[in-house]
Each structure stands twice: as C-alpha cells, then as structure tokens.
Amino acid sequence: CGPVESAQVLRFLAKSGLLKYTDMRDAPERFFAAHRLLASRILGGFGIRFTVQFNLFAGSILGLGGLQQLNFLQDLQQSG
C-alpha cells in the first residue's frame, strides 16, 4: 500500500480504538499480539508507519510523559 493509503489505514486504526496507544502499558499482551499479526501480514510502508506511531511516538510519551502529555495522547487517538 502506498503512503497515502497507509496513512489512512493507520488513522482509522488509531481512531477506531481497536488498538489503543496505551495498550503497550495497560494491555501489553493485546499490543504485542496486534504487533505480531500486523508484522506477519502487512509489510512495507504501513508496517513502518505503525511501528513509528505506536512504538516510538506513543511508547515514548507513555514512558516519559506527564499527565498533560498522556491526556494529549488520548485526545490525539480520539481525533485520529
């Protein structure tokens, strides 16, 4: 899938709540199961976008952010 399509799919995934940014902290088994499934089925640009968005971006905020940043992360997910 191309850059535009992979961005749209990632936005849908984030906004849908099927996988939450906080699952890495609150439900790691869910996060890692989704990660394994996506990594085994979807390659290319989407896989890179997913890893950057969920692992690097959201994971960094979860690990280092304060309450204000965590609230921003939740708002960002809801808005897609």
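To be clear, the structure that these remarks concern was listed above.
Residues numbered from 1 in each chain as written. Predicted model: local features only at pLDDT ≥ 70, side-chain atom pairs only at ≥ 80, totals over all residues. Heavy atoms only, no water.

**Here's the deal with the nonpolar core**
Applicable threshold: The set of buried Ala, Val, Leu, Ile, Met, Phe, Trp, Tyr and Cys residues whose side-chain atoms join them within 4.5 Å is what this entry labels a nonpolar core. Buried, partly exposed and exposed residues are distinguished by accessible area as a fraction of the type maximum, computed with a 1.4 Å probe on protein chains only: under 20%, between the cut-offs, and over 50%, respectively. Numbering goes from the N terminus for both helices and strands, where a helix is a DSSP run of H or I of at least four residues and a strand is a run of E of at least two.
If you look at the biggest cluster of nonpolar residues, it comprises 15 residues, and the most contacted ones within it are Leu-13, Leu-19, Tyr-21, Phe-46, Phe-50, Phe-54 and Leu-73. At six residues, the largest contribution of residues to this core is made by helix 4 (residues 45–64).

**Thoughts on a nonpolar patch on the surface**
Convention followed: Patches in this entry comprise residues that are over 30% relatively accessible and not in a salt bridge; like charges within 9 Å are linked, as are nonpolar side chains (Val, Leu, Ile, Met, Phe, Trp, Tyr) within 5 Å. Every accessible area reported is derived by Shrake-Rupley at a probe size of 1.4 Å, with residue values counting cover from the shown protein chains alone. Only one rule defines a salt bridge in this text: a Lys or Arg side-chain nitrogen within 4 Å of an Asp or Glu carboxyl oxygen.
On the surface, Ile-48, Val-52 and Leu-56 cluster together into a nonpolar patch covering about 290 Å² of accessible area. Locating Ile-48 in the fold gives a position in helix 4. The exposure class assigned to Ile-48 is exposed, which follows from its relative accessible area of 58%.

**With respect to the packing of aromatic side chains**
Put simply, the rule reads: Any two rings among Phe, Tyr and Trp, with Trp reduced to its six-membered ring, count as a pair given centres within 6.5 Å; such a pair is stacked if its planes are under 30 degrees apart, edge-to-face if over 60, and tilted if neither.
Using the criterion set out here, one finds three aromatic pairs in the structure. Ring geometry for Phe-31 against Phe-32: centres 5.1 Å apart, planes inclined by 75°, an arrangement best described as edge-to-face. Through a chain of ring-to-ring contacts, three or more aromatic side chains come together here, namely Tyr-21, Phe-50 and Phe-54.

**Focus: helix 4**
Heads up, the condition is: One less than the residue count of a helix, multiplied by 1.5 Å, gives the span that helix is expected to have. In this analysis the local bend is the angle between axes fitted, respectively, to the seven residues ending at and the seven residues starting at the residue.
Here helix 4 is 20 residues long and its end C-alpha atoms lie 27 Å apart, about the 28 Å a rise of 1.5 Å per residue gives. At Ala-58, helix 4 shows its maximal kink, close to 30°. Listed as buried for helix 4 are Phe-46, Phe-50, Phe-54, Ala-58, Gly-59, Ile-61 and Leu-62.

Treat this as a map of the structure, not an account of what it does.
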